[in-house]
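# Notes for the structure review
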Amino acid sequence: MPRLPPSLFWKARQQISPFAPILLPVCRTLDSAANELRWIKQHVNSTSSLVPRKLRIWQACLKRERGMPLQYILGTQPFGPLEILCRPGVLIPRLETESIIYHLSSLIPRPSPQAPPLKILDLCTGTGCIPLLLSSLLFPARTQITGVDISPSAISLSRQNLTHTISLRHLSPSASKSINFTQADIFDLKFLPSLGYKPSELDILVSNPPYISHHGFNTTTERSVRLYEPRLALVPQIHPTSHYNCEPEDIFYAHLLEIVRTLQPKRVLFEVGDLDQAARVVAMVVRGKGFLERYARNVEVWRDEPGVGLEGKAEKMWVGGNVEVEVKGQGRGRGVYFWRE
Amino acid sequence: MLAAPWVCRSCVRSLGRIGFSQQFLRRASTDSVKLPPALLERARFLTAEHDQLTAQLASNFDEKIAKRAGEVHRIANAFKKFEHAKASLQELEGLLKSDDAEMRELAQEDLAATNEQLAESSRNLSVALTPKHPFADMPCLIEVVPGPGGTEGRFFADSVFKMYQAYCANKGFRTKVVQYLAADSTGEKGGDGETALQEAVLEVMEEGAYAHFRGEAGMHRVQRVPATEKSGRTHTSAVAVWVLPSFAENATASDGDWDNPESDFYIDPAEVKSEKMRASGAGGQHVNKTESAIRLTHIPTGITVSMQDSRSQHTNRADAWRLLRSRIAQKRREAREEAARALRSSVLSSAQLTRGDKIRTYNYGQDRCTDHRAGLDVHNLPDVLRGGDTLGKVIDAVHGWLTEKDIQALLADEEAAAAAANAPAKGKKGK
């Protein structure tokens, strides 16, 4: 990272506030430092404590300086229209996830009120942001969503988030019945039977699994991510019983496709790290044996903002030399979406 | 005849030359408005329509008819009062010619009162005939931006913002701060705890707020000794206030119809470029960025709106779209008014209200607030800045002035239309 010029620190002190230079090394720009400082101040003003206000602002700035994510300091992160609680030990919801979930919900036809509710499964749910957002976008009464995570702290936080969003009236109270969170290891052999879905009964399968490689974790992640966010949610751990023949960072996708083969959901969306990983996942889908063949012709790769189209220019990607796949939107490769006929 | 016992002849002549009478006569705008026949004709027509509609309503109720009747009710009422006053005046004039001396005396006494009544009713009639501003019923956004210049303008911008906030609080209007960007630099602090403001947007969520505040748009000038000034010199700086129409939060389809291409608020989404701040690097799980800023650019007009107040991109985008719609609607409206003004005679060219005009001065040294358009001076500046009744007085005066302008514009329009009708050949040639 390039060194920041001392004049920038001087400017931050003069133009923003004496607290701003503390935030500058993490935020990198004056604008961003000013914004973060304002949000810290708003947070301090809106919560009460015996500690003097300025001291609390200073303490928060020092934490931020050490690299602690702002979301952990403030305890929340907006996710679409919702406010999601964040706590160390659980991955913070990302803006990219928000935008691909928005796009997914725009593709789903509005179910008629008489139709049975849409059955949705979210694996590796973390804070529970995806089930909550889908529920708010598709109406709680018309969905039946299950979120699964291996970490007990994530599950307790996601349950807390459900009651929190309902208490803020971001979600209707009926969501407390239509959303549930379960703690389970998806690699466990007993996991699938425990869910109790019949084949092809599931409408949507979503997952934002850990997808960063060991090397990538050490080189491409941000310092605050590396130091403060749970490694469990970022880098796939090699499971002792796993037998998949793929890159170590793609293990979850290989296993998720096994789950797809069994549950046969109508639509599937996985978040991925970049276009290369997207290509590898697409290849796994296209070359998949058994039931996966029914998805092979309906695969798309989504970028960060799949809704923002480059009009008229359909971008294509060749996978494995012979399969053509459409790439939608702008930004970096972010999702793989496929559906069955 | 003259107050002075002796005046030199050349002086008397020069008095005649400079137009003594023109300078000291009261202008027509404050007298009873002379209604042109075209306007009276229209009022008569509308009144006839009103009577017909009420007759229809008596037999069978129809929502459409009732709505139309409600619209013209005000005009019909005003016109009937006007007719009544005119009739009584004619009666009095008849009495004045009568032979009975006592009768004449009584009529003389009543004459002044009746004349006044006629003037008032004719003014009421023209107010009723003035078309309502299309955005009048809407809530509004008040945007405060410091003018060019040093920090003094920024400090005063904060005062202006707080003045409107307090005024709304005093009046019981619901408000929301949409954007408040301040730079609280360490070295300098304004008087009264002012912070240096970069830009602020206050939303007044009350219906009809646009009509209430639309006179506030323009440059507000301040003359005072800044808190940062050491040698005690008075500085002059300016703050721009823009008033934009906005939508009620729970707008129904009829009044918040921005999907309708006919509406001023309609924006083709394809014409808007939306930009997000992007973190460098891989994105996704690799980084956790907090940048939620959104910038929208309307390509045909080049209007840019950026919003970074909230941590939620969702909220920022919604706010940015709202502000963009409001700005564009205002711009379209202004363009239309400009075109109408160009058609009109040049009588009103001096009365244009654009963003560039200085409309009000706040002078701290003299404890005075002057509105240049309404020509009103009020003292007790602290109360004005607290948003108290004194500010209410100023706003009301501006209202009166705006109504007057609207009536004049309407009369000019009617005259222009009549002139065009009389000389159609000439009009064609002109085009």
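Calculation notes
Numbering of residues starts from 1 in each chain and follows the order in which that chain's sequence is written. Chain letters and ligand numbers both follow the written order, the letters beginning at A and the numbers at 1. Where totals are concerned, whole chains, interfaces and linings use all residues; where local detail is concerned, this predicted model gives features only for residues with pLDDT of at least 70, and gives and counts side-chain atom pairs only at 80 or more. Secondary structure is summarised from DSSP: a helix means a run of H or I of at least four residues, a strand means a run of E of at least two, and numbering begins at the N terminus for each. The globule rule used for comparison is 2.2 Å times the number of residues to the exponent 0.38, while the radius of gyration itself is calculated over C-alpha atoms. A residue is called partly exposed when the number of other C-beta atoms within 10 Å of its own lies between 12 and 20, exposed at 12 or fewer, and buried at 20 or more, with C-beta atoms placed from the backbone. C-beta atoms are placed from the backbone for every residue, and two residues are taken to be in contact when these atoms lie within 7 Å. The residue classification treats Ala, Val, Leu, Ile, Met, Phe, Trp, Tyr, Cys and Pro as nonpolar and Asp, Glu, Lys and Arg as charged. All others, Gly included, are polar. Where helices are involved, their axes are fitted lines through C-alpha atoms of the stretch in contact, as for all axes, and angles between N-to-C directions lie from 0 to 180°. Each angle is binned into one of four classes, with values under 35 degrees roughly parallel, values over 145 roughly antiparallel, values of 65 to 115 roughly perpendicular, and all other values oblique. Left-handed describes a crossing whose near helix is turned anticlockwise from the far helix by less than a right angle; the clockwise case is right-handed. UniProt positions are given in the numbering used here, feature names are shortened, and annotations may be inferred rather than shown by experiment. Whether two strands pair comes down to DSSP finding at least two bridges between them. To estimate the expected span of a helix, count its residues, drop one, and scale the result by 1.5 Å. Residue ranges for the domains trace back to a domain assignment, done automatically or taken from a database. Joining buried Ala, Val, Leu, Ile, Met, Phe, Trp, Tyr and Cys residues through C-beta atoms within 7 Å gives a set, and that set is a nonpolar core. Per-residue confidence from the prediction method is given by pLDDT, with values spanning 0 to 100.

## Some details on the overall build of chain A
When you go through chain A residue by residue, the secondary structure sums to 14 helices and 11 strands. Its C-alpha atoms give chain A a radius of gyration of 21 Å, near enough to 20 Å, the size a compact globule of 341 residues would have. Judged by the C-alpha coordinates and their principal axes, chain A covers about 65 × 45 × 45 Å. Counting every position in chain A, which comprises 341 residues, the buried fraction comes to 44%. Across chain A, the fraction of contacts at a sequence separation of at least 24, relative to all contacts at a separation of at least 6, is 68%.

## Description of the overall build of chain B
Along chain B, the regular secondary structure elements total 11 helices and 11 strands. Per-residue burial for chain B yields a buried fraction of 29% across its 431 residues. Of the contacts formed within chain B by residues at least 6 apart in sequence, a portion of 65% connects residues at least 24 apart.

## Section: the interface of chain A and chain B
On the chain B side, the residues contacting the 34 residues of chain A number 20 residues. Here the side of chain A that touches chain B is built from residues that sort into 13 nonpolar, 11 polar and 10 charged.

## So, the packing of helix H2 (residues 20–27) of chain A against helix H4 (residues 53–65) of chain A
Residues and elements named next belong to chain A. Where H2 contacts H4, the two axes come as close as 8 Å, and the packing angle between them is 25°. In terms of orientation, H2 and H4 fall into the roughly parallel class. Of the two elements, H2 crosses H4, and the hand of that crossing is left-handed. When H2 is examined against H4, the residues Ile22, Leu23, Pro25 and Val26 are found in contact with a partner set consisting of Cys61, Leu62, Arg64 and Glu65. Grouping the constituent residues of the contact of H2 with H4 by class yields six nonpolar, no polar and two charged.

## Some thoughts on the UniProt feature "coiled-coil region" (unreviewed entry) in chain B
Sequence positions flagged by UniProt for "coiled-coil region" (unreviewed entry) are, in local numbering, residues 89–124 of chain B. When the span residues 89–124 of chain B is considered, its composition is 89% helix and 0% strand, and the gap between its end C-alpha atoms is 17 Å.

## Focus on the pairing of strand E7 (residues 267–271) of chain A
Residues and elements named next belong to chain A. Across the five residues that make up E7, a large majority, five, are buried. The alternating pattern of E7 places Arg267, Leu269 and Glu271 on one face and Val268 and Phe270 on the opposite face, and all of these are buried. Sheet topology places strand E6 (residues 204–207) next to E7; four bridges connect them, and they run parallel. If you follow Ile204 over to E7, its bridge partner there is Arg267. Taken together, the five bridges between E7 and strand E11 (residues 330–339) define a ladder with antiparallel strand orientation. By the bridge assignment for E11, Glu271 is matched with Gly335.

## Focus on helix H6 (residues 95–107) of chain A
An ideal rise of 1.5 Å per residue puts 18 Å on 13 residues; H6(A) measures up with 19 Å between its terminal C-alpha atoms. Buried within H6(A) we find A:Leu95, A:Glu96, A:Thr97, A:Glu98, A:Ser99, A:Ile100, A:Ile101, A:His103 and A:Leu104.

## Thoughts on unusual backbone geometry
With phi around 75°, A:Arg28 is a residue other than glycine that occupies positive phi space. Considering the arrangement of structural elements, one finds A:Arg28 in the loop between H2 and helix H3 (30–46). Unusually for a residue other than glycine, B:Asp367 sits at a positive phi of about 55°. Relative to the assigned elements, B:Asp367 resides in the loop between strand E9 (358–363) and strand E10 (368–371). On the neighbour-count criterion, B:Asp367 (13 C-beta atoms within 10 Å) is partly exposed.

## Digging into the sheet that holds strand E6 (residues 272–276) of chain B
Residues and elements named next belong to chain B. A sheet is described by the order of its strands in space; here three strands give the open sequence E6-E7-E8, paired in antiparallel fashion. The outermost strands of the open sheet, each flanked by one partner alone, are E6 and strand E8 (303–307). Each adjacent strand pair in this sheet contributes to an overall mean axis angle of 15°, direction not counted. The pairing of strand E7 (residues 294–298) with E8 spans five bridges and is classified as antiparallel. The partner of His298 across the bridge, within E8, is Ile303.

## Notes on the domain arrangement of chain B
Residue and element names in this part refer to chain B. Under the domain assignment used here, chain B contains domain 1 (33–129) and domain 2 (140–276 + 291–339 + 354–411). Across the boundary between the two partners, domain 1 contributes six residues, which contact four residues of domain 2. In terms of residues, the side of domain 1 that touches domain 2 owes the most to one element, helix H5 (residues 101–129), which gives three residues. A breakdown of the residues in the side of domain 1 that touches domain 2 according to their chemical character gives five nonpolar, one polar and no charged.

## Quick notes on helix H6 (residues 151–171) of chain B
Residues and elements named next belong to chain B. In this model, H6 (21 residues) spans 30 Å end to end at C-alpha, consistent with the 30 Å of a helix rising 1.5 Å per residue. Taking burial as the measure, the 21 residues of H6 include 16 buried ones, the bulk of the element. Positive phi shows up at Gly172, right after H6, with a value of about 80°.

## Some thoughts on the nonpolar core
Residue and element names in this part refer to chain A. Among the nonpolar cores identified, the biggest contains 68 residues, and Leu133, Leu205, Leu256, Phe270, Val281, Val282 and Val336 are the most heavily contacted of them. Residue contributions to this core peak at eight residues, all from helix H13 (residues 251–263). Among residues more than four places away in sequence, those in contact with Val336 are Phe270, Val272, Ala278, Val281, Val282, Val299 and Val301.

## Topic: the packing of helix H4 (residues 63–96) of chain B against H5(B)
Residues and elements named next belong to chain B. Between H4 and H5, whose axes approach to 8 Å, the crossing angle comes to 160°. Relative to H5, the element H4 lies roughly antiparallel. The chirality of how H4 crosses H5 is left-handed. Partitioning the contact of H4 with H5 into residue classes produces 16 nonpolar, six polar and five charged.

## Quick look at the domain arrangement of chain A
According to the domain assignment, chain A contains domain 1 (6–66) and domain 2 (89–339). For domain 1 of chain A versus domain 2 of chain A, the separation of C-alpha centres amounts to 35 Å.

## Here's the deal with the environment of A:Cys61
Residues and elements named next belong to chain A. Relative to the helices and strands, Cys61 resides in helix H4. Judged by the 22 C-beta atoms lying within 10 Å of it, Cys61 is buried. Taking the C-alpha atoms as reference points, Cys61 and Ile40, 21 residues apart in sequence, are found 8.0 Å from one another.

## Considerations on the sheet that holds strand E4 (residues 218–224) of chain B
All names here are of chain B. Ordered in space as E2-E3-E1-E5-E4-E9-E10-E11, the eight strands form an open sheet in which the pairing is mixed. Two strands bound the open sheet, and with one partner strand each, they are strand E2 (175–182) and strand E11 (376–379). Strand-to-strand twist in this sheet, taken as the mean axis angle between neighbours without regard to direction, amounts to 15°. Along the sheet, helix H10 (residues 389–422) makes contact with E10 and E11, crossing E11 at roughly 175°.

## As for the confidence of the model for chain B
Residues and elements named next belong to chain B. Here chain B averages 78 in pLDDT, while 80% of its residues score no lower than 70. Across residues 345–355, confidence stays below pLDDT 50; counting only partners more than four residues off in sequence or on other chains, it has 14 contacts. Both scores are given for the predicted complex: the pTM is 0.71, the ipTM 0.89.

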